[in-house]
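A closer look at the structure
So the chains spell out like this:
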Amino acid sequence: MGYGSDGGMMGWGHGALGISNMILWIVLVGLVVAAVVWLVRKPPFDTQQSYGRRSPGLDALEERYARGEIDRDEYLQKKQDISPDLTRSARH
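Source: prediction; values computed, not measured. (Residues numbered from 1 in each chain as written. Predicted model: local features only at pLDDT ≥ 70, side-chain atom pairs only at ≥ 80, totals over all residues. Heavy atoms only, no water.)

1. Section: the environment of tyrosine 65
Position of tyrosine 65 among the secondary structure elements: in helix α3 (residues 56-67). Note on tyrosine 65: relative accessible area 34%, which makes it partly exposed. Through-space distance from the C-alpha of tyrosine 65 to that of tyrosine 75 is 6.4 Å; in sequence the pair is 10 residues apart. With residues near it in sequence (within four places) discarded, tyrosine 65 still touches Ile70, Asp71, Arg72 and Tyr75. (Helix = DSSP H or I, 4+ residues; strand = E, 2+ residues; numbered from the N terminus. Buried < 20%, exposed > 50% of the residue type's maximum accessible area, 1.4 Å probe, protein only. Contact = heavy atoms within 4.5 Å.)

So, in structure tokens, the structure goes:
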């Protein structure tokens, strides 16, 4: 009778339902924002092989070559033996 068109006091309507609805939307928006941030910061699948997944043997081989312990031909042969996929893709 004088409490507004939806029966609530001073236009608030269903108070608890309105607050829970607002909290639900805040949580949903937060989850969407978190998902977008996670997807943006996550590296693509194919970069895992090119970043950080080097063979310790290849590192040791490069150090030996840099110190002059092995010559270029021996370095290239051993590099191909250690990682044949890398040398094939570098030539093509």
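2. Some thoughts on α3
Between its terminal C-alpha atoms α3 stretches 17 Å, which fits the 16 Å expected from 12 residues at 1.5 Å a residue. At the C-terminal side of α3, glycine 68 shows a positive phi close to 85°. (Expected span 1.5 Å × (residues − 1).)

3. Points about the packing of aromatic side chains
Here the structure, examined in full by the defined rule, presents one aromatic pair. Ring centres of tyrosine 65 and tyrosine 75 lie 4.5 Å apart, and the angle between their planes is 15°; on these two criteria the pair is classed as stacked. With tyrosine 65 in helix α3 and tyrosine 75 in helix α4 (residues 72-82), the pair connects residues that are 10 residues apart, well separated along the chain. (Phe/Tyr/Trp six-rings, centres within 6.5 Å; stacked < 30°, edge-to-face > 60°.)

4. Considerations on the pattern of salt bridges
Going through the model one piece at a time under the given rule, you end up with four salt bridges. One salt bridge in this structure joins glutamate 63 and arginine 67, with 3.9 Å as the shortest N-O distance. With glutamate 63 and arginine 67 both in helix α3 and four residues apart, this pair spans about one turn of that helix. Note that arginine 67 and glutamate 69 form a salt bridge whose closest N and O atoms lie 2.8 Å from each other. Among the charged side chains, a network of salt bridges with common partners joins Glu63, Arg64, Arg67 and Glu69. (Salt bridge = Lys/Arg side-chain N within 4 Å of Asp/Glu carboxyl O.)

5. Brief notes about the packing of α3 against α4
Close contact between α3 and α4 brings their axes to 10 Å; oriented N to C, the two are set at 180°. For the element pair α3 / α4, the angle class is roughly antiparallel. Residues Gly57, Leu58, Leu61, Glu62 and Tyr65 of α3 form the contact with α4, whose participating residues are Arg72, Tyr75, Lys78, Lys79 and Ile82. Across the contact of α3 with α4, the residue classes tally to five nonpolar, one polar and four charged. (Axes fitted to C-alpha atoms, helices over the stretch in contact; angles between N-to-C directions. Parallel < 35°, antiparallel > 145°, perpendicular 65-115°, else oblique. Nonpolar A, V, L, I, M, F, W, Y, C, P; charged D, E, K, R; others polar.)

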